[in-house]
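Given next are the chains, with one letter for each unit.
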Amino acid sequence: MIASLLNKRILVLTHSAGFVHDYLPTAQMTIQEIGNKSGEFDALVYSNCSRVDWGSLKDFEAVLFATTGELPMSDSDKKSFMDSIRSGVGFVGVHNATDTFYKLPRYGKMIGGYFSGHPWSQEIVARVEDQDHPSTEHLSKSFRVKEEVYTFRDWSRSRTHVLVSLDNSSVDLSKGNRPDKDYALCWCHKFGKGRVFYTGFGHFPELWSEEWFRTHLLGGILWAMKVK
């Protein structure tokens, strides 16, 4: 954890109760860097959820999860967390945040869906569906990127706003697992008074040094914080 220096704060949790991604140390440093460099926020980073005071989330503008598995939190802490988002604290989910809290349906509803596979780990073409969002306004209409593409269950674009999706022509579509062949990569929506932003990008550590991704993440964080 680092001390708060700026007015706005984001709590970053990288607890891995399931698969441990090797990008996490890079992500921790990068989120702190983009907050300090932009002058917009200060990031307090935790790798263990037991060290978080879940009752104090009202003191943060947003919470960011890069987590896996059933996080070892008490029922009261889970309630405090979920209530804080519904009450107006922003939520940012990165990549494996959808691979979290399968036994907490409220979380799945909040984030938008659950991980159900990663059939493509390769260079893909991403299609930007909304170029007016702070997280995508710097991106071209389509771009190539190497990524481990997640697919999702309990997800529907009717319940969220898709920002970026997979260009299906760039992959072997027979490997997919959604009958509707709708594979979103990034989305946003409201949850109560809170704003929720999720990006499926981030699996490979080298992506975190790319300026487009850092700008993408910064824009998503600021949107969730209601700064933009």
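The rules behind the values
- Residues numbered from 1 in each chain as written.
- Predicted model: local features only at pLDDT ≥ 70, side-chain atom pairs only at ≥ 80, totals over all residues.
- Heavy atoms only, no water.
- Buried < 20%, exposed > 50% of the residue type's maximum accessible area, 1.4 Å probe, protein only.
- Helix = DSSP H or I, 4+ residues; strand = E, 2+ residues; numbered from the N terminus.
- Right-handed = clockwise from strand over helix to strand, strands pointing away.
- 1 Å grid on protein atoms, 1.4 Å probe; cavity = no way out; pocket = protein on both sides within 12 Å on 5 of 7 lines; lining within 4 Å.
- Points joined across faces, edges and corners; volume = space filled by probe spheres on them.
- Nonpolar A, V, L, I, M, F, W, Y, C, P; charged D, E, K, R; others polar.

Novice: What is the right way to look at the pairing of strand E2 (residues 42–46) in this model?
Specialist: Taking burial as the measure, the five residues of E2 include five buried ones, the bulk of the element. Burial along E2 is two-sided: the residues Asp42, Leu44 and Tyr46 and Ala43 and Val45 are all buried. As for the winding sense of the linkage, the β-α-β connection from strand E1 (residues 9–13) through helix H1 (residues 24–38) to E2 is right-handed.

Novice: Could you clarify how one ought to interpret empty space enclosed by the protein in this entry?
Specialist: Rolling a probe over the atoms, with the probe sized like a water molecule, indicates the empty space that remains. Tallying each qualifying case throughout the model produces one cavity of 30 Å³ or more. Looking at the largest cavity, its volume works out to about 30 Å³. If you go around the largest cavity, the residues you meet are Glu147, Glu148, Val149, Tyr150, Phe152, Ala184, Leu185 and Gly200. Listed by contribution, the elements that provide at least two residues to the lining of the largest cavity are strand E6 (142–153) and strand E8 (184–191). With five residues, the single largest contributor to the lining of the largest cavity is E6. For the lining of the largest cavity, the residue count by class is five nonpolar, one polar and two charged.

Novice: What's the story with unusual backbone geometry in this structure? I'm lost.
Specialist: One can expect most non-glycine residues to show negative phi and most peptide bonds to be in trans. Although it is not a glycine, Lys181 adopts a positive phi angle of roughly 55 degrees. You can see Lys181 is positioned in the loop between strand E7 (161–166) and E8. Residue Lys181 is classed as partly exposed on the basis of its relative accessible area, which comes to 45%. In the Ramachandran plot, Lys226 falls in the positive-phi region, its phi being about 70 degrees despite a non-glycine side chain. Along the chain, Lys226 turns up in the segment after helix H4 (211–224).

Read these as geometric descriptors, not functional statements.
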